[in-house]
Amino acid sequence: MADIKLIRSEDITKQLGIEYQVLRRQLQKHQIPVVRIGNQSYLTDENYAKLIKACEVMYQIPDTD
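Residues numbered from 1 in each chain as written. Predicted model: local features only at pLDDT ≥ 70, side-chain atom pairs only at ≥ 80, totals over all residues. Heavy atoms only, no water.

Here the focus is the overall build of the protein chain. Scanning the protein chain from terminus to terminus reveals 3 helices and 3 strands. Ordering the α and β elements of the protein chain from the N terminus gives β-α-α-β-β-α. The burial tally for the protein chain puts 29% of its 65 residues in the buried class. In the protein chain, once contacts between residues fewer than 6 apart in sequence are set aside, the share between residues at least 24 apart is 59%. For the protein chain, the accessible area works out to roughly 5,000 Å², and carbon and sulfur atoms hold 49% of it. (Helix = DSSP H or I, 4+ residues; strand = E, 2+ residues; numbered from the N terminus. Buried < 20%, exposed > 50% of the residue type's maximum accessible area, 1.4 Å probe, protein only. Contact = heavy atoms within 4.5 Å. Areas by Shrake-Rupley, 256 points an atom, 1.4 Å probe, with all protein chains shown as cover.)

Right under this line is the structure:
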(Lines give C-alpha, C1' and ligand atoms only; values in the text may rest on other atoms or scores of the structure.)
Protein backbone atom coordinates (compact mmCIF):
# COMPACT_ATOMS: atom_id res chain seq x y z
CA MET A 1 0.00 0.00 0.00
CA ALA A 2 1.35 3.42 -0.95
CA ASP A 3 2.01 6.05 1.69
CA ILE A 4 0.04 9.27 1.41
CA LYS A 5 1.97 12.42 2.21
CA LEU A 6 -0.03 15.27 3.73
CA ILE A 7 1.12 18.87 3.46
CA ARG A 8 -0.29 21.47 5.86
CA SER A 9 -2.07 24.43 4.29
CA GLU A 10 -0.06 26.73 6.57
CA ASP A 11 3.18 25.37 5.12
CA ILE A 12 1.86 25.81 1.58
CA THR A 13 1.01 29.48 2.15
CA LYS A 14 4.49 30.13 3.57
CA GLN A 15 6.18 28.29 0.72
CA LEU A 16 4.19 30.05 -2.01
CA GLY A 17 4.13 33.42 -0.29
CA ILE A 18 0.35 33.79 -0.47
CA GLU A 19 -2.32 34.41 2.15
CA TYR A 20 -4.56 31.60 3.39
CA GLN A 21 -7.69 33.19 1.87
CA VAL A 22 -6.03 33.25 -1.56
CA LEU A 23 -5.17 29.55 -1.15
CA ARG A 24 -8.76 28.72 -0.16
CA ARG A 25 -10.17 30.57 -3.18
CA GLN A 26 -7.84 28.72 -5.55
CA LEU A 27 -8.72 25.36 -4.01
CA GLN A 28 -12.43 26.11 -4.43
CA LYS A 29 -12.00 27.52 -7.93
CA HIS A 30 -10.12 24.46 -9.17
CA GLN A 31 -12.23 22.02 -7.07
CA ILE A 32 -9.23 20.54 -5.26
CA PRO A 33 -10.28 18.58 -2.15
CA VAL A 34 -8.75 19.27 1.25
CA VAL A 35 -8.25 16.80 4.12
CA ARG A 36 -9.42 18.19 7.48
CA ILE A 37 -7.92 16.78 10.68
CA GLY A 38 -9.10 18.67 13.74
CA ASN A 39 -8.85 22.37 12.94
CA GLN A 40 -5.98 21.91 10.45
CA SER A 41 -6.35 21.46 6.71
CA TYR A 42 -3.98 19.43 4.56
CA LEU A 43 -3.44 18.62 0.91
CA THR A 44 -2.23 15.27 -0.33
CA ASP A 45 0.94 15.44 -2.39
CA GLU A 46 -1.16 14.62 -5.48
CA ASN A 47 -3.60 17.46 -4.82
CA TYR A 48 -0.70 19.81 -4.02
CA ALA A 49 0.72 19.06 -7.48
CA LYS A 50 -2.71 19.84 -9.00
CA LEU A 51 -2.79 23.16 -7.12
CA ILE A 52 0.68 24.13 -8.34
CA LYS A 53 -0.16 23.20 -11.92
CA ALA A 54 -3.44 25.11 -11.83
CA CYS A 55 -1.89 28.26 -10.34
CA GLU A 56 1.52 28.42 -12.01
CA VAL A 57 0.16 30.48 -14.89
CA MET A 58 -1.66 32.93 -12.62
CA TYR A 59 1.16 33.45 -10.11
CA GLN A 60 4.91 33.51 -10.40
CA ILE A 61 5.60 30.54 -8.14
CA PRO A 62 9.24 30.06 -7.14
CA ASP A 63 10.93 26.73 -7.91
CA THR A 64 10.52 24.24 -5.05
CA ASP A 65 13.68 22.30 -5.91
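Still more ground to cover, so stick around.
Once that is clear, we can look at the environment of K5. As for its placement among the helices and strands, K5 is situated in the segment before β1 (6–8). Taking relative accessible area as the criterion, K5 reaches 53% and is therefore assigned exposed. Excluding anything up to four places from it in sequence, K5 contacts L43, T44 and D45.

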